[in-house]
2 protein chains.
Amino acid sequence: MQHTGVAPRTDTRSRVQKVALELFAEQGYEKTSLREIAERLGVTKAALYYHFRSKEDIVHSFTDDHYARLDGLIDWAKTQPPGEQTRHEMLTRYVGIVFGGVEVFRFIEQNRAAMQTLESKGDRMARFRSRLDTMVDLLTGPDAPLRTRVRAAAALISVSATCMVVWDSVHDPAELQAIALELATDITD
Amino acid sequence: MQHTGVAPRTDTRSRVQKVALELFAEQGYEKTSLREIAERLGVTKAALYYHFRSKEDIVHSFTDDHYARLDGLIDWAKTQPPGEQTRHEMLTRYVGIVFGGVEVFRFIEQNRAAMQTLESKGDRMARFRSRLDTMVDLLTGPDAPLRTRVRAAAALISVSATCMVVWDSVHDPAELQAIALELATDITD
DNA sequence: GTCTATAGACGGATAGAC
DNA sequence: GTCTATCCGTCTATAGAC
């Protein structure tokens, strides 16, 4: 291990992220106070404000990565020719993204309402919903009938929603991932 | 229309329910204050406390009905012989329940985290999650493999989750209901 | 049934010492 | 980087007049 610039004295920042993500997903974003997060870590509220500008900033620190991944997938899909193979490849990558960040997706699913008001404040407008719509368009084409569009949306949603529900009772994530992909593929056909 | 006991002077109680359900679903349960609800109705906070014991009580006033419906479905399913026909009938009734109370289900989906902490407080333990598990058991039988169980859960979840997403852009609810039922049936087969 | 007024608690955020 | 102390806002809920 080499020095990469100045090493942080402690890893408080990442510990905050971990605890916050846990508590936000468990109890909800609004209900979890900074005092509670600080107490769990054995520090004070003020210490958190050294690492993050605000409570919202903590959320962005772990959602931005995953939104970027979704954007990457969308950009890639736009360059591909429409067709069954592209659809399947999209779903494969999407499932990979979800399973690569289950904790974050769980947090989002558990705090839909809070996320909406959070996202509508920023200039960037990092809308979860608009990305979903875009992906549905890419999966179906712009003028697809309602039935096709609904099924595409269901394929995407069921990946994250379903694995949230059964996640705790599963020993082998890889098996679940395979099941989710098969399911999503079936739905869109 | 006949008299049913003492007629209320005003319909404030039901107007509170309607506005609260709207705001809770839009902005989230925690973020919506009683002051805001009261303002929209042109009354004061204190007036709300004449009709409801607490903020939580407002929620229970419109979720209890729908939990009772789910319990009814579960009780009925327990008396039926396992098989494809029972499965299909279960899904049909479930879809009916969801579409019969879309606003309530939307509220639940949007406030998963808040609902969990709300429900775990009461003695009744009106758990959304445990009902889902029970329904999955009834759909699959108790010892079904993971793949079967995941797909049953997905069938149930995709009904509510999906129609939340596309609801606003749909003119004909009946058409959507048919699509949802077809989808749920496909998934479990 | 609805009001005014207020209690009592807790939230996010900041200032400044060390 | 972390602390103590504090500001100021908002919230749920209640008491008591009308």
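Look above for the structure.
Rules and cut-offs
Residues numbered from 1 in each chain as written. Chains lettered and ligands numbered in written order. Predicted model: local features only at pLDDT ≥ 70, side-chain atom pairs only at ≥ 80, totals over all residues. Heavy atoms only, no water. Near = heavy atom within 4 Å. Polar contact = N/O pair within 3.5 Å; in protein donor to acceptor, adjacent residues only side chain to side chain. Contact = heavy atoms within 4.5 Å. Buried area = accessible area lost by both parts, 1.4 Å probe. Salt bridge = Lys/Arg side-chain N within 4 Å of Asp/Glu carboxyl O. Helix = DSSP H or I, 4+ residues; strand = E, 2+ residues; numbered from the N terminus. Nonpolar A, V, L, I, M, F, W, Y, C, P; charged D, E, K, R; others polar.

A. Focus on the protein's contact with DNA strand C. As a matter of local geometry, DNA strand C sits amid 18 residues, with Tyr49 and Lys55 of chain A together with Thr44, Tyr50 and His51 of chain B nearest to it. In DNA strand C, atoms within 4 Å of the protein come from the sugar-phosphate backbone in 54% of cases. Interatomic distance of 2.7 Å between a backbone N/O atom of Thr44 of chain B and a phosphate oxygen of DNA strand C. Contact between DNA strand C and His51 of chain B: a phosphate oxygen at 2.9 Å from a side-chain N or O atom of the residue.

B. Layout of the interface of chain A and chain B. On the side of chain B, 33 residues touch chain A, which itself brings 34 residues to the contact. Overall, the association of chain A and chain B removes approximately 3200 Å² of surface from exposure, summing both partners, and the carbon and sulfur fraction of that is 63%. Contact with chain B buries surface across chain A, with Gln110, Leu146 and Val165 of chain A losing the most and accounting together for 17% of the total. For Glu109 of chain B, the salt bridge is made with Arg112 of chain A, and the minimal N-O distance between the two is 3.9 Å. On inspection of chain A and its partner chain B, the count reaches ten residue pairs in polar contact (both at pLDDT 80 or more). Looking at the side of chain A that touches chain B, the elements that each hand over two or more residues are α1 (12-27), α6 (102-110), α7 (112-119), α8 (128-140), α9 (146-166) and α10 (173-188) of chain A. It is α9 of chain A that contributes the most residues to the side of chain A that touches chain B, ten residues altogether. Looking at the side of chain A that touches chain B residue by residue, the classes come out as 15 nonpolar, seven polar and twelve charged.

By themselves, these are just geometric observations and shouldn't be taken as functional.
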